[in-house]
Amino acid sequence: MTDSDANKMWGGRFQMSPAEIMEQINASIDFDKRLARDDLAGSTAHAEMLAAVGIITNEDKSAIHKGLKQIGEEIESGKFQYSRALEDVHMNIESRLKELIGEPAGRLHTARSRNDQVATDFRLYVRGQLDAFDAGLTALQMALAVKAKANAATVMPGFTHLQPAQPVTFGHHLLAYVEMFARDRGRFQDARKRLNECPLGAAALAGTSFPIDRAQTAAALGFDRPTANSLDSVSDRDFVLETLAAATICAVHLSRMSEEIVLWTTPQFGFLKLSDRFTTGSSIMPQKRNPDAAELCRAKVGRIAGALNSLVIVMKGLPLAYSKDMQEDKEVAFDAFDSLTVAVAAMTGMVEDMQPQPDAMRKAAGYGYSTATDLADWLVRELKMPFRQAHHVTGSIVALAEKQGVDLEALSISDMRSVEPRITDAVFSVLSVENSVASRTSYAGTAPHNVEKSAGIWLAQLEKQRQTG
């Protein structure tokens, strides 16, 4: 950038161009150019408003709109030439607009600042990302619910402390993630509601003396209302922080599910198989099938949580209103949003691709005396024992089975009666894993009928949401 270029950007206050290192640290065009479409939308709405209230002529408005449309076409086609010397996407577009239409371009920036301009652009961009997250998570929930309904009666072990606890069904397990991702969608939707106020017209920090109509630009850009305080308008990045916080929680859910896929596809578990589409091989061990997609999804939470932490640290000490520190909000957010997008898509693909192995799941469901709670419940229900006494009796029976090296249902009735004489043959009706899951009929329990019904409700709800957008 020449000295005269510097004068054109900054007016008469600056006489020399910035040092090379200043240009390097100051420029953001390498990453904020992805805001170009949002910047064009904001500028189009701003020009429309300026003409409507008589600040610029309709002729100038038409020229500005025509120039902005051409710039949009150049960006879409890849012909637009970005310049680091012009710092950011806003100045690049404004400079090109001046080349195209001349003097009217200089009137576009009336009654606004780059401070409210970038705040508006970024809100528009994040809003689009939130809508994309909702659509992606809806597709993931659909895949999970379809798989859950097909496996409503597929018995598997339920774990606590990663130790066999009680039998559940694979469908029930998958529906747990449907619930998690529903909460994630709720958090993104809540963030969108708070985000959806328009900063445009707040100018640098104090508003403007021009008779602008902020409600018009807010409505034109799909916002619910203008922001209510000009200082807060340009200095707020809560909408990014909140989105990153919700993204981090969502990434944690994806990571937990990824960990289970990694575990369950090992020969030691053998609960699932993934096809070649979501696994990779080894350069030295020809037998390997590595669940790399799941492992990479598991790792994405580090980048996303890191972005949240980075922006928290940037914002924590900033006085009102705008500081250049806030330029650091975008690069980490873009990376986090890209990471979450690909992780959600990859998880959806893995869920659709995964092949449960019912025999291995059913066999493992009986490990660790997982129907012991069913035995205790039977003692309470049939023999009217206090639960704590039933717990103690069951523990003694488990110890006896463990000593003999057999499952509970393989113990003889005489062995059980040696611990509690009142036990009858009817006890065997609750000791199989199938009977165990079938008995869990309480609301939200793992009984196959519950799972099939819940999966059906989710599928109907999700399909309706998908159709209504």
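Values in this document were obtained by computation on a predicted structure and should not be read as measured data.

Caption draft 1: Region of the structure containing the overall build of the protein. Assigned secondary structure in the protein consists of 19 helices and six strands. Over its C-alpha atoms the protein spans a radius of gyration of 31 Å, topping by over 25% the 23 Å that the globule rule assigns to 469 residues. Residue pairs at least 24 apart in sequence account for 74% of intrachain contacts in the protein once pairs closer than 6 positions are excluded. Per element, the accessible surface of the protein, about 22,600 Å² overall, is 53% carbon and sulfur. Each charge class in the protein was averaged separately, 51 positive and 59 negative side chains, and the resulting centres sit 3 Å apart.

Caption draft 2: Fine view of the nonpolar core. Met257 and Leu340 are the most contacted members of the largest nonpolar core, which totals 95 residues. Per-element tally for this core: the top contributor is helix α11 (residues 238-264), with 13 residues. With near-sequence residues (within four places) excluded, Leu340 lies in contact with Phe133, Phe188, Ala247, Cys250, Ala251, Leu254 and Ile304. Formed by 21 residues, the second largest nonpolar core is a distinct cluster that contains Tyr369, Ala372, Trp378 and Leu431.

Caption draft 3: How the structure looks around the environment of Ala219. In this fold, Ala219 is placed in helix α9 (residues 214-220). When the C-alpha atoms of Ala219 and Arg466 are compared, they prove to be 25 Å apart, with 247 residues separating the residues in sequence.

Caption draft 4: Molecular detail of α11. Counted at 1.5 Å a residue, the expected span for α11 with its 27 residues is 39 Å, and the 39 Å between its end C-alpha atoms agrees. The element α11 is largely enclosed, with a buried count of 19 among its 27 residues.

Caption draft 5: Region of the structure containing a nonpolar patch on the surface. On the surface, Leu205, Leu231 and Leu320 cluster together into a nonpolar patch covering about 270 Å² of accessible area. Among the secondary structure elements, Leu205 is positioned in the loop between β3 (197-198) and α9.

Caption draft 6: Molecular detail of the pairing of strand β1 (residues 155-160). Pairing geometry for β1 and strand β2 (residues 163-169), over six bridges, is antiparallel. What sits directly across from Phe159, in β2, is Pro164. Hairpin remark: β1 followed by β2, antiparallel, with two residues in the connecting loop; positive phi at His161, about 60°.

Caption draft 7: View of the confidence of the model for the protein. Looking at the protein, the pLDDT average stands at 94 and 96% of residues meet or exceed 70. Note on residues 1-7: pLDDT is under 50 here. Beyond four places in sequence and across chains, it has 14 contacts.

Caption draft 8: Representation of the packing of helix α5 (residues 58-77) against helix α6 (residues 89-101) in the model. Relative to each other, α5 and α6 sit at 120°, their axes nearing to 9 Å. Of the two elements, α5 crosses α6, and the hand of that crossing is right-handed. Only Ile93, Arg96, Leu97, Leu100 and Ile101 of α6 make contact with α5, whose side of the interface consists of Ala63, Ile64, Gly67, Leu68, Gln70, Ile71 and Glu74. Taken together, the residues that form the contact of α5 with α6 break down as eight nonpolar, two polar and two charged.

Caption draft 9: Structural view of unusual backbone geometry. Of the consecutive residues Leu320 and Ala321, the connecting peptide bond is found in the cis state with omega at 10°. Along the chain, Ala321 falls in the loop between α12 (292-315) and α13 (329-353). Notably, Leu162 is not glycine yet its phi reads approximately 60°, a positive angle. In this structure, Leu162 sits in the loop between β1 and β2.

Caption draft 10: Broad picture of the environment of Val427. If you trace the backbone, Val427 turns up in the loop between α17 (413-417) and α18 (433-439). Val427 sits in the buried class, given a relative accessible area of 0%. Linking Val427 and Met347, residues 80 residues apart in sequence, is a C-alpha distance of 42 Å.

Caption draft 11: Summary view of the packing of aromatic side chains. Summed over the entire model, instances satisfying the criterion amount to eleven aromatic pairs. Residues Phe170 and Trp264 carry aromatic rings whose centres are separated by 6.2 Å and whose planes lie at 65° to one another, so their mutual orientation is edge-to-face. Of this pair, Phe170 sits in helix α8 (residues 170-195) while Trp264 sits in helix α11, placing them 94 residues apart in sequence. Both residues of the pair, Phe170 and Trp264, belong to the buried class. An angle of 85° between the planes, with centres 5.3 Å apart, marks the rings of Phe269 and Phe271 as edge-to-face. Among the aromatic side chains, those forming a connected cluster through ring pairs are Phe159, Phe170, Trp264, Phe269 and Phe271.

Caption draft 12: Spatial organisation of the side chain of Asp353. The topology assignment puts Asp353 in helix α13. Since its relative accessible area comes to 12%, Asp353 is described here as buried. Among the polar contacts listed, one links the side chain of Asp353 to the side chain of Ser275, at a separation of 2.6 Å. When residues no more than four places from it in sequence are discounted, the contact partners of Asp353 are Lys273, Leu274, Ser275, Arg277 and Phe278.

Caption draft 13: Focus on the pattern of salt bridges. If you walk through the whole model with that rule in mind, you get 28 salt bridges. A salt bridge links Asp338 to Arg34, with the nearest nitrogen and oxygen atoms 3.0 Å apart. Placement of the pair is Asp338 in helix α13 and Arg34 in the loop between α3 (29-32) and α4 (36-52), with a sequence separation of 304 residues. Taking the relative accessible area as the measure of exposure, Asp338 reaches 36% and is therefore partly exposed. Take Arg34: its relative accessible area is 31%, and that puts it in the partly exposed class. Taking the shortest distance from any N to any O, the salt bridge between Arg114 and Glu87 comes out at 3.3 Å.

Each value, and the rule that gives it
Residues numbered from 1 in each chain as written. Predicted model: local features only at pLDDT ≥ 70, side-chain atom pairs only at ≥ 80, totals over all residues. Heavy atoms only, no water. Helix = DSSP H or I, 4+ residues; strand = E, 2+ residues; numbered from the N terminus. Rg over C-alpha atoms; globule rule 2.2 N^0.38 Å. Contact = heavy atoms within 4.5 Å. Areas by Shrake-Rupley, 256 points an atom, 1.4 Å probe, with all protein chains shown as cover. Lys, Arg positive; Asp, Glu negative; His and termini not counted. Charge placed at Lys NZ, Arg CZ, Asp CG, Glu CD. Core = buried A, V, L, I, M, F, W, Y, C linked by side-chain atoms within 4.5 Å. Buried < 20%, exposed > 50% of the residue type's maximum accessible area, 1.4 Å probe, protein only. Expected span 1.5 Å × (residues − 1). Patch = residues over 30% accessible without salt bridge, like charges linked within 9 Å, V, L, I, M, F, W, Y side chains within 5 Å. Salt bridge = Lys/Arg side-chain N within 4 Å of Asp/Glu carboxyl O. Pairing = 2+ DSSP bridges. pLDDT = per-residue confidence, 0-100. Axes fitted to C-alpha atoms, helices over the stretch in contact; angles between N-to-C directions. Left-handed = near helix turned anticlockwise from the far one by under 90°. Nonpolar A, V, L, I, M, F, W, Y, C, P; charged D, E, K, R; others polar. Phe/Tyr/Trp six-rings, centres within 6.5 Å; stacked < 30°, edge-to-face > 60°. Polar contact = N/O pair within 3.5 Å; in protein donor to acceptor, adjacent residues only side chain to side chain.

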